[in-house]
Amino acid sequence: MTRPPTTTDDAAERTLAARLAHDLDGGFEAFVLVEQDLVFGIALRSTGDAAAAEDLAQDAFVRAYRALATYDAERIRSLQLRAWLARITMNLCRNRARARRSRPNEIAWDASPMAVAPPADPSPAPESVVLRREADIEWSARLAALPDRYRTAVELRHVHGLSYDECAVALDRPVNTVKTHVNRGVALLRASMLQEAHP
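Residues numbered from 1 in each chain as written. Predicted model: local features only at pLDDT ≥ 70, side-chain atom pairs only at ≥ 80, totals over all residues. Heavy atoms only, no water.

Trainee: I'd love a proper account of the overall build of the protein, names of residues and values included.
Mentor: Within the protein one finds nine helices and zero strands. Ordered by position in the sequence, the α and β elements of the protein form the string α-α-α-α-α-α-α-α-α. Taking all 199 residues of the protein together, 39% fall into the buried category. When contacts within the protein are restricted to residue pairs at least 6 apart in sequence, long-range pairs at least 24 apart make up 72% of them. As displayed, the protein has an accessible area near 11,500 Å², and 51% of this comes from carbon and sulfur atoms. (Helix = DSSP H or I, 4+ residues; strand = E, 2+ residues; numbered from the N terminus. Buried < 20%, exposed > 50% of the residue type's maximum accessible area, 1.4 Å probe, protein only. Contact = heavy atoms within 4.5 Å. Areas by Shrake-Rupley, 256 points an atom, 1.4 Å probe, with all protein chains shown as cover.)

Trainee: Go over helix α2 (residues 24-47) with me, naming the residues and quoting the values.
Mentor: Given a rise of 1.5 Å per residue, 24 residues ought to cover 34 Å, yet the end C-alpha atoms of α2 are separated by just 30 Å, more than 12% below that figure. The largest bend in α2 amounts to roughly 55 degrees and is located at E35. Positioned one or two residues after α2, G48 has a phi angle of 75 degrees, which is positive. (Expected span 1.5 Å × (residues − 1). Bend = angle between axes of the 7 residues up to and from the residue.)

Below is the structure:
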């Protein structure tokens, strides 16, 4: 799980928002590059399908661009960009799920944004790479098995590193509710891991 964002992240987000407010077309590519992992990760966990997640991510950025084009500069500067974009993405995912009336329980390893980062050592022991991949697959499956309200809160907080305030904006929930959902989700993940370790 990733670390929560730092004040540097907040400063970078404010800088990016100011850039978008000043020059939407010039700043939008940087916005996409900074937030593409967030959007794709949310979409992938919702759909379980890399191609569908790519389509949803593209649609989320198109909608974000269109919305930003209608906002005045002050409104853009005041946005919590990550939370706002996460909410757009989750709404698209919900709409897609309603249309299809199904959601897979497992996520394919190949496209998982929780995949193992390339190791620092260019020649790692094959066993350690396999063990890391297996661990990531197991955590992805545990996360996918959580009830939606806990899964989404844990994902935004610990996978994508949004602050509790950003999660609250993205989920349209009070901060204390988000904290409760994250805590319960993490507790369920721990219980699942312990149950697997001691069947």
